Amino acid sequence: MLLVLGLVSAWSVLIPGVMDWDNIVVAVIGSLRLTGPVAAAFAAWVAARRRRADRLRALTTWQAVRPPLAILMVVVGAFCATMTVLAVRALITGEGDGPLPGGVALGAAGLSLYVVAGWVVGWVAPVAVAPLAAGFGTYALFTWLAGGAPWADRLAPAVHDPYDALRMMPATAFTDQALWLVGITTAILLGWAALITRQTLALAAALIALLAAGTGVARLLGEPQEVAASENIAYTCQEWPIVVCVHPGMRGGLGELGSTFTTIAARLAGTPAAFNRVEQRSRSDTEEAGKGVVPIHVDDLDAGYADRAASEFVEGLARPCPGSPAGGYRAIVVAWLRDEPLPSGPLPEHRRAATWFARLTEAQRRDWLRMFFTDFATCRLQSRYFGGDVRREPPAAPSYPMNPPYEHEDTAPSRHETPAPGAGETARRPSRVR
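Position labels on residues start from 1 in each chain and follow its written sequence. pLDDT decides what is reported in this predicted model: residues at 70 or higher carry local features, side-chain atom pairs at 80 or more are listed and counted, and totals for whole chains, interfaces and linings draw on all residues regardless. Only heavy atoms go into the side-chain values, all of them from the structure, while hydrogens and water stay out.

Student: Would you mind going over the overall build of the chain with me for this structure?
Tutor: Helix numbering and strand numbering both begin at the N terminus, where a helix is a DSSP run of H or I of at least 4 residues and a strand a DSSP run of E of at least 2. Scanning the chain from terminus to terminus reveals 14 helices and six strands. Looking at the 434 residues of the chain, the share that counts as buried comes to 47%. Any pair of residues with heavy atoms lying within 4.5 Å of one another is described as a contacting pair. For the chain, long-range pairs separated by at least 24 residues make up 72% of all intrachain contacts whose partners lie at least 6 apart in sequence. Put simply, the chain shows about 21100 Å² of open surface, and 61% of that area lies on carbon and sulfur atoms. Think of it in three bands: with a 1.4 Å probe and only protein chains considered, a residue is buried below 20% of the maximum accessible area for its type, exposed above 50%, and partly exposed in between. In short, Shrake-Rupley with a 1.4 Å probe defines the accessible areas, and a residue's cover is counted only from the protein chains shown.

Here is the structure:
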């Protein structure tokens, strides 16, 4: 049952499409949120039965710790089986290196803490509701710790949520957290054994384990909480036609990201937003990108990931225009950059502008954006920028008037007007008006 629960819960934690060892280890540790309380409830049930059976029997230290150790073997065995199944999946997909030993130890140590906590609850209160109390109690306690202060979530058998593939805990932090969990688990188990057997040696061993737990906590709290993955890994990049770089575990998304952003790069060529490199960044990364570099956020490779990343980037090119007629014109340009059908807009002039823009060829649209990009970015687009009344017959040849007259800044285009396509010109229509 623990193996099935572990696989189901770990699979739900895995980032869709991300195939790397860090993701697998984090998913298996994340499965403890479900398997841990179940293991605690099972241990409490066995402890309550054992307590009633040994009520009048004197126990040695070994006789006392042997049943919880047997439960630990079963539970940790299920954890290792879960890890093995996911490891086989990683090996089949060609993932190299291997999981961090500290991360695997952290998962096993965390599960052991659940078991020992459940055992003590069942022994202290050998009643019918002891398993429920142990299961729900450990779930509530460790969930509260994981979502608490930064120092508290390091003490819980869990990882920082939400998991970010580009910002990981340092490798030493996994080891230190595992040392803390092993130390506190051993101290609780031996302390309980010393209490019921009144053996001084068991108490001394419990104190030594407590010192080890304290050492793990001291080292853990002295470490930075997370580091940028780019400090430890090399990006996987696609070099043509533009450079697209992602986390190695997301290399399966390079093709779709490259295709999507190549189209956007071609349409932005010659504007202040032109770029030739796309680089995946963490959402918590505040470092400024260099010239010609576009930082994007790809949280997973679930369906539509490239469109979501492109939409987020395109929306950031121009500030919003709430309650302004310029917002309808901005939406037309944004839809074209996203390669979506052109919106009709709330006003008649928006619909005329969308119809006029749809009649332009791709080259004319790019030329138009180069001329009016500043107005697009600053929410100053106007109906006159879209060829006027499209119901009139367009001129036979395009004309680009120089220095058009204007009365004041708010009504003046910052670039030259662009014409509608010529009457004799065959204009293809890559976008349609919805």
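Student: What am I meant to see in helix 12 (residues 326-337) here?
Tutor: In a helix, the anticipated span is given by 1.5 Å times the number of residues less one. The terminal C-alpha atoms of helix 12 lie 17 Å apart, and with twelve residues this matches the ideal 16 Å at 1.5 Å per residue to within 8%. Of all twelve residues in helix 12, eleven are buried; the element is thus mostly enclosed. Turning to helix 12, its buried residues are Ala-326, Gly-327, Gly-328, Tyr-329, Arg-330, Ile-332, Val-333, Val-334, Ala-335, Trp-336 and Leu-337. Packing partners of the buried residues in helix 12 comprise helix 10 (254-268), helix 11 (305-315), helix 13 (348-359) and helix 14 (362-377). Of the residues flanking the end of helix 12, it is Asp-339, one or two places downstream, whose phi is positive at about 65°.

Student: I keep staring at the pattern of salt bridges and nothing clicks. Help me out?
Tutor: Think of it this way: side chains of opposite charge can pair up when their charged atoms draw near. Salt bridge, as used here, is a side-chain nitrogen of Lys or Arg placed within 4 Å of a carboxyl oxygen of Asp or Glu. All told, the structure shown has ten salt bridges when counted by the stated rule. A salt bridge links Arg-267 to Asp-339; its shortest N-O distance comes to 3.5 Å. With a gap of 72 residues between them, Arg-267 in helix 10 and Asp-339 in the loop between helix 12 and helix 13 connect regions that are remote in the sequence. You can call Asp-339 partly exposed: its relative accessible area is 47%.

Student: It is not clear to me how the nonpolar core should be interpreted in this structure. Could you clarify?
Tutor: Generally speaking, nonpolar side chains in soluble globular proteins are found buried as a group. As used here, the term nonpolar core means buried Ala, Val, Leu, Ile, Met, Phe, Trp, Tyr and Cys residues forming a set that is joined through side-chain atoms within 4.5 Å. In terms of nonpolar packing, the biggest core is built from 50 residues, with Ile-24, Val-75, Val-115, Trp-119, Trp-180 and Trp-192 touching the most fellow members. Within the residue set of this core, elements represented by two or more residues are helix 1 (2-13), helix 2 (21-30), helix 3 (32-53), helix 4 (61-92), helix 5 (101-124), helix 6 (130-146), helix 8 (171-197) and helix 9 (200-222). For this core, the leading source of residues is helix 4, giving eleven residues. Dropping the residues within four chain positions of it, Trp-119 is found in contact with Ala-43, Ala-44, Val-46, Ala-47, Arg-50, Pro-67, Pro-68, Ile-71 and Trp-192. Of all hydrophobic cores here, the second largest spans 49 residues; its members include Val-246, Val-278, Val-333 and Phe-357.

Student: Honestly, the sheet that holds strand 6 (residues 293-296) in this entry has me stumped. Any pointers?
Tutor: The pairing of strands in a sheet comes from backbone hydrogen bonds and takes either a parallel or an antiparallel form. Two strands pair if DSSP finds at least two bridges between them. Spatial strand order, 3-4-5-6: four strands in an open sheet with mixed pairing. A single partner strand is all that each edge strand has here, and the edge strands are strand 3 (236-238) and strand 6. Taking each pair of neighbouring strands and ignoring which way they run, the sheet shows an average axis angle of 20°. Strand direction decides the pairing type here: strand 3 and strand 4 (residues 243-246), joined by three bridges, are antiparallel. What sits directly across from Cys-237, in strand 4, is Cys-245. For every element, the axis is a line fit to its C-alpha atoms; helices are fit only across the contacting stretch, and the angle between N-to-C directions ranges from 0 to 180 degrees.

Student: I'm lost on the state of the cysteines in this one. Help?
Tutor: Cysteine pairs can be covalently joined through their sulfur atoms, and such a bond is termed a disulfide. We call a pair of cysteine sulfur atoms a disulfide when they lie within 2.5 Å. Tallied over the entire structure, the rule returns one disulfide. A sulfur-sulfur distance of 2.0 Å marks the disulfide that ties Cys-237 to Cys-245. Since a negative S-S torsion denotes a left-handed disulfide, the Cys-237-Cys-245 link at about 110° is right-handed.

Student: Would you explain unusual backbone geometry in this entry?
Tutor: Working note: non-glycine residues mostly have negative phi, and peptide bonds are mostly trans. With an omega dihedral of 0°, the bond running from Trp-240 to Pro-241 counts as a cis peptide bond. Considering the arrangement of structural elements, one finds Pro-241 in the loop between strand 3 and strand 4. Despite not being glycine, Asp-339 shows a phi value in the positive range, around 65°. One non-glycine residue, Cys-379, lies in positive phi territory at about 65°. On the secondary structure map, Cys-379 appears in the segment after helix 14.

Student: Hey, could you run me through the pairing of strand 6 in this one?
Tutor: Here is the key point about a regular strand: its side chains alternate between the two faces of the sheet. Only one face of strand 6 is covered, namely the face carrying Val-294 and Ile-296; the face carrying Val-293 and Pro-295 is uncovered. Direction of pairing for strand 5 (residues 277-280) relative to strand 6: parallel, over a ladder of four bridges. Within strand 6, the residue paired with Gln-280 across the bridge is Ile-296.

Student: What am I meant to see in the packing of helix 12 against helix 13 here?
Tutor: The relative placement of two packed helices comes down to the angle between their axes together with the axis-to-axis distance. Viewed as axis vectors pointing N to C, helix 12 and helix 13 meet at an angle of 30°, and their least axial separation amounts to 9 Å. The orientation of helix 12 relative to helix 13 falls into the category roughly parallel. In this structure, helix 12 meets helix 13 at a crossing whose hand is right-handed. On the side of helix 12, the interface is formed by Gly-328, Tyr-329, Ile-332 and Trp-336, while helix 13 contributes Glu-349, His-350, Ala-353, Ala-354 and Phe-357. When describing relative orientation, an angle under 35 degrees is termed roughly parallel and one over 145 degrees roughly antiparallel, while 65 to 115 degrees is termed roughly perpendicular and anything else oblique. Each crossing gets its hand from how the near helix is turned against the far one by less than a right angle, where anticlockwise is left-handed and clockwise is right-handed.

Student: When you look at helix 3 in this model, what are you seeing that I'm missing?
Tutor: Think of an α-helix as turning once every 3.6 residues; residues three or four places apart then point the same way. If you check helix 3, its first and last C-alpha atoms are 30 Å apart, about what 22 residues at 1.5 Å a residue would give, namely 32 Å. For helix 3, the complete set of buried residues consists of Leu-32, Thr-35, Gly-36, Pro-37, Ala-39, Ala-40, Ala-41, Ala-43, Ala-44, Ala-47 and Ala-48.

Student: Please explain the packing of aromatic side chains as it appears in this structure.
Tutor: How two aromatic rings sit relative to each other is set out by the distance from centre to centre and by the angle between their planes. Here a Phe, Tyr or Trp ring, Trp counted by its six-membered ring, pairs with any other such ring whose centre lies within 6.5 Å, and the pair is stacked when the planes are under 30 degrees apart, edge-to-face when over 60, and tilted otherwise. Taken as a whole and judged by the stated rule, the model has 16 aromatic pairs. Here Trp-119 and Trp-123 contribute two aromatic rings whose centre-to-centre distance is 6.3 Å and whose plane-to-plane angle is 25°, an arrangement assigned as stacked. In this pair, Trp-119 and Trp-123 both sit in helix 5, four residues apart, roughly one turn of the helix. Ring geometry for Trp-368 against Phe-386: centres 5.0 Å apart, planes inclined by 45°, an arrangement best described as tilted. Linking Trp-368 in helix 14 with Phe-386 in the segment after helix 14, this pair joins segments that are 18 residues apart in sequence. For the pair formed by Trp-368 and Phe-386, the shared burial category is buried.

Student: What should I look at first to understand the side chain of Arg-267 in this one?
Tutor: A relative accessible area of 5% means that Arg-267 is categorised as buried. Those residues in contact with Arg-267 that lie beyond four places of it in its chain are Trp-336, Leu-337, Asp-339, Glu-362, Arg-366 and Leu-369.

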